[in-house]
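Survey of secondary and tertiary structure
What follows is the residue order along each chain.
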Amino acid sequence: MMYHIPGVLTTDEVAQLRAQLALAPWIDGRATVGNQGAQVKNNQQVDTQSELYQKLQSAVLQAVNQHSLFFAAALPRQISSPLFNRYQQQETYGFHVDGAVRSHPQSGWMRTDLSATLFLCEPESYDGGELVVNDTFGQHSVKLPAGDLILYPASSLHCVTPVTRGVRVASFMWIQSMIRDDKKRAMLFELDRNIQTLRTRHGESEEVLSLLNHYHNLLREWSEI
Ligand SMILES: O=C(O)CCC(=O)C(=O)O
Ligand SMILES: [Fe+2]
């Protein structure tokens, strides 16, 4: 399942981030990838050793952590330090696999259940640069407004098509979820959304309370924390 999470950053926050990113040290994106990825990866990333990187990644992490729809869809247990990438002049990232485990600054290791891209450029400012994700229902091509995020299973093969005009800048990260299984996580999300809608439409009721209890009991049953 893929989820579009709108408004992770406001237009002003995107502009501020972009201004800072223009000053950041950019290095070859192959610095953070294994053998297979290196063969198909052609982009730049902000140097994670730089002081500015620390500041920028924590701003993105904070925005993501505060977003209730992101929380409901991802049920995050761990989020990797967000990275920043840039594609221009035909740069691309061919179909690849995201590593199943990564080192994490606080916990040592994390499992990547979900991948996320936070778009930082308006779609009409560049051509190409679609994120293409293969899942069991076929191929999905994604290009979102600046400030919006796409969440997709890290288990799916995916690529970024060549940027043929302009520049595509994004932040991307991985999430270990409290609910490892995509199907269970999707069911919980659907239940959660319906409870919220019922509440907004009809207010509190015994039935809403009971469904909420059911949601939490399933979460209690399935979560790994
Ligand atoms: O730029 C993107 O949207 C995705 C990047 C990506 O797939 C990766 O770095 O593993
Ligand atoms: Fe990837």
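Please read these numbers as outputs of a predicted model, since none were measured by experiment. (Residues numbered from 1 in each chain as written. Chains lettered and ligands numbered in written order. Predicted model: local features only at pLDDT ≥ 70, side-chain atom pairs only at ≥ 80, totals over all residues. Heavy atoms only, no water.)

Some details on the coordination of the iron ion (ligand 2)
Ideal donor angles around a metal are set by the shape: a four-donor tetrahedron calls for 109.5 degrees, a six-donor octahedron for 90 or 180 degrees. Around the iron ion (ligand 2), the protein contributes the donor atoms H96 (NE2), D98 (OD) and H158 (NE2), which lie 2.1 to 2.2 Å from the metal centre. Between consecutive donor residues of the iron ion (ligand 2), the sequence gaps follow H-x1-D-x59-H. Taken as a pair, H96 in strand β7 (residues 92-96) and H158 in strand β15 (residues 158-160) lie far apart in primary sequence, 62 residues in all. Each member of the pair H96 and H158 is classed as buried. (Donors = N, O, S within 2.8 Å, 3.2 Å for Na, K, Ca; no water. Helix = DSSP H or I, 4+ residues; strand = E, 2+ residues; numbered from the N terminus. Buried < 20%, exposed > 50% of the residue type's maximum accessible area, 1.4 Å probe, protein only.)

Quick word on the site of ligand 1
Taken together, the neighbourhood of ligand 1 is formed by N85, Y87, Y93, H96, D98, T117, L131, H158, V160, R168, F172 and W174. Between N85 and ligand 1, the recorded distance is 2.8 Å, taken from a side-chain N or O atom to an oxygen atom. Y87 is positioned with one of its side-chain polar atoms (N or O) 3.1 Å from an oxygen atom of ligand 1. Protein burial of ligand 1: of its 290 Å² of free accessible surface, 97% is covered by the chains. Where the shell around ligand 1 is concerned, the elements lending two or more residues are β6 (83-88), β7, β15 and β17 (167-177). With three residues, the single largest contributor to the shell around ligand 1 is β17. Classifying every residue of the shell around ligand 1 by side-chain character gives six nonpolar, four polar and two charged. (Near = heavy atom within 4 Å. Polar contact = N/O pair within 3.5 Å; in protein donor to acceptor, adjacent residues only side chain to side chain. Areas by Shrake-Rupley, 256 points an atom, 1.4 Å probe, with all protein chains shown as cover. Nonpolar A, V, L, I, M, F, W, Y, C, P; charged D, E, K, R; others polar.)

Thoughts on unusual backbone geometry
Positive phi, close to 40°, is recorded for L75, a residue that is not glycine. Tracing the backbone shows L75 in the loop between α4 (68-74) and β5 (76-79). Classification of L75 by relative accessible area gives buried; the value is 1%. In the Ramachandran plot, Q90 falls in the positive-phi region, its phi being about 75° despite a non-glycine side chain. Here Q90 is to be found in the loop between β6 and β7.

A short note on the packing of helix α5 (residues 182-202) against helix α6 (residues 206-222)
Orientation of α5 relative to α6, taken along the N-to-C sense of each, is 160°, at an axis distance of 10 Å. Comparing their axes, α6 and α5 come out roughly antiparallel. Regarding α5 and α6, the two cross each other, and that crossing is left-handed. Together, K184, M187, L188, L191, D192, I195, L198 and R199 of α5 and V208, L211, L212, H214, Y215, L218, L219 and W222 of α6 make up the contact between the two elements. Residues that form the contact of α5 with α6 fall into these classes: 12 nonpolar, one polar and three charged. (Axes fitted to C-alpha atoms, helices over the stretch in contact; angles between N-to-C directions. Parallel < 35°, antiparallel > 145°, perpendicular 65-115°, else oblique. Left-handed = near helix turned anticlockwise from the far one by under 90°. Contact = heavy atoms within 4.5 Å.)

Digging into the UniProt feature "binding site: 2-oxoglutarate" (unreviewed entry) in the protein chain
Residues annotated in UniProt with the feature "binding site: 2-oxoglutarate" (unreviewed entry) correspond here to R168. Position of R168 among the secondary structure elements: in strand β17. Given the relative accessible area of 2%, R168 is considered buried. Contacts of R168, omitting those with residues within four sequence positions, involve N85, R86, Y87, T117, F119, C121, Y126, G129, L131, V160 and V163. (UniProt positions renumbered as here; feature names shortened; annotations may be inferred.)

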